[in-house]
Amino acid sequence: MNEQALRQLLSNADAAAGAVPAISDDLVSSVRLRLRRRRQSHAAGASVVLCALLAVVLLVRVNPRPQVVVNDPSKARRELSLIQIQADSQAVTVKRLMEYQHSLDVRERAARKSDRGQPLDRIQQQRENAARLLTHDGEYRRVIQLFPETNWAAIARRRLQT
């Protein structure tokens with residue numbers, strides 16, 4: 001394609017597309033005005049929410065401090081000693097509960113250890129598992145050779161006979 005044909009093609013495309021509308025100053029200013037109003041309304045909304053929150057916090061105190069008026073110091077000392085006795089009693093109860101929980105934990109650990117069985121039982125279980133795996137792999141002669149006393153060796157013998 002030569003340069004003349006390319007220019008003609010571009011001018012035809014421009015003519016077919018029509019004139020590009022010019023952006024007016026009114027459109028730009030209206031978009032800017034709308035953006036400014038949106039920002040102002042967001043700021044005003046946030047201010048209203050913060051003011052309302054501040055008013056609620058000031059009007060409603062979550063934990064107002066009780067006003068304690070001590071008329072008789074000896075009465076206050078007695079009440080304090082009773083509170084101390086109750087606290088000591090509760091501390092002893094908590095300590096007993098913690099000791100009981102500890103003893104339960106110790107018993108549970110001991111039960112788990114005894115469930116594992118004796119060392120010879122564990123070895124026999126491991127032999128059975130190894131024989132089972134070899135049987136599932138189809139290595140019957142090896143099962144009979146290595147683990148002749150296991151149940152899986154008997155199964156392997158039966159399978160070899162059939």
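Further up the page is the structure itself.
Notes on the structure follow.

Conventions and cut-offs
Residues numbered from 1 in each chain as written. Predicted model: local features only at pLDDT ≥ 70, side-chain atom pairs only at ≥ 80, totals over all residues. Heavy atoms only, no water. Helix = DSSP H or I, 4+ residues; strand = E, 2+ residues; numbered from the N terminus. Buried < 20%, exposed > 50% of the residue type's maximum accessible area, 1.4 Å probe, protein only. Areas by Shrake-Rupley, 256 points an atom, 1.4 Å probe, with all protein chains shown as cover. Salt bridge = Lys/Arg side-chain N within 4 Å of Asp/Glu carboxyl O. Patch = residues over 30% accessible without salt bridge, like charges linked within 9 Å, V, L, I, M, F, W, Y side chains within 5 Å. Core = buried A, V, L, I, M, F, W, Y, C linked by side-chain atoms within 4.5 Å. Contact = heavy atoms within 4.5 Å. Axes fitted to C-alpha atoms, helices over the stretch in contact; angles between N-to-C directions. Parallel < 35°, antiparallel > 145°, perpendicular 65-115°, else oblique. Left-handed = near helix turned anticlockwise from the far one by under 90°. Lys, Arg positive; Asp, Glu negative; His and termini not counted. Polar contact = N/O pair within 3.5 Å; in protein donor to acceptor, adjacent residues only side chain to side chain.

## Observations regarding the overall build of the protein chain
Counting its regular elements, the protein chain contains 6 helices and 0 strands. For the protein chain, the sequential pattern of α-helices and β-strands runs α-α-α-α-α-α. Each of the 162 residues in the protein chain was classed as buried or not, and the buried ones make up 6%. If you sum the accessible surface of the protein chain, you get close to 15000 Å²; carbon and sulfur atoms cover 57% of it.

## Some details on the pattern of salt bridges
This structure, assessed with the given rule, holds 3 salt bridges. In this structure, Glu3 and Arg7 form a salt bridge, with 2.9 Å as the shortest nitrogen-oxygen distance. Pair noted here: Glu3 and Arg7 are both in helix H1 (residues 3–17), with a separation of 4 residues, about one helical turn. In this pair, the class of Glu3 matches that of Arg7, namely exposed.

## Looking at a nonpolar patch on the surface
Taken together, the side chains of Leu6, Leu9 and Leu10 make up a nonpolar region of the molecular surface, amounting to roughly 280 Å² of accessible area. Here Leu9 lies in helix H1.

## Let's talk about the nonpolar core
Formed by Ala131, Leu134, Val143, Phe147, Ala153 and Ala156, the largest nonpolar core amounts to 6 residues. Breaking this core down by element, the ones donating at least two residues are helix H4 (119–137) and helix H6 (151–161). Residues in contact with Ala153, not counting those within four places in the same chain, are Val143, Ile144, Phe147 and Pro148.

## A closer look at the packing of H4 against H6
Contact geometry of H4 with H6 gives a least axis separation of 8 Å together with a crossing angle of 20°. Our classification of the angle between H4 and H6 gives roughly parallel. Crossing geometry of H4 relative to H6 is assigned as left-handed. Residues Glu128, Ala131, Arg132, Thr135 and His136 of H4 pack against Asn151, Trp152, Ile155 and Arg159 of H6.

## Examining the side chain of Glu128
Its place among the elements puts Glu128 in helix H4. The buried charged residue Glu128 lacks any salt bridge, with Arg132 as its nearest oppositely charged partner at 7.8 Å. If we ignore the near neighbours within four places in the chain, the residues touching Glu128 are Thr150, Asn151 and Trp152.

## Some points on the environment of Ser11
With respect to the secondary-structure elements, Ser11 resides in helix H1. According to the relative accessible area criterion, Ser11 is partly exposed, its value standing at 37%. One polar contact links the side chain of Ser11 to the main-chain carbonyl oxygen of Gln8, over a distance of 2.9 Å.

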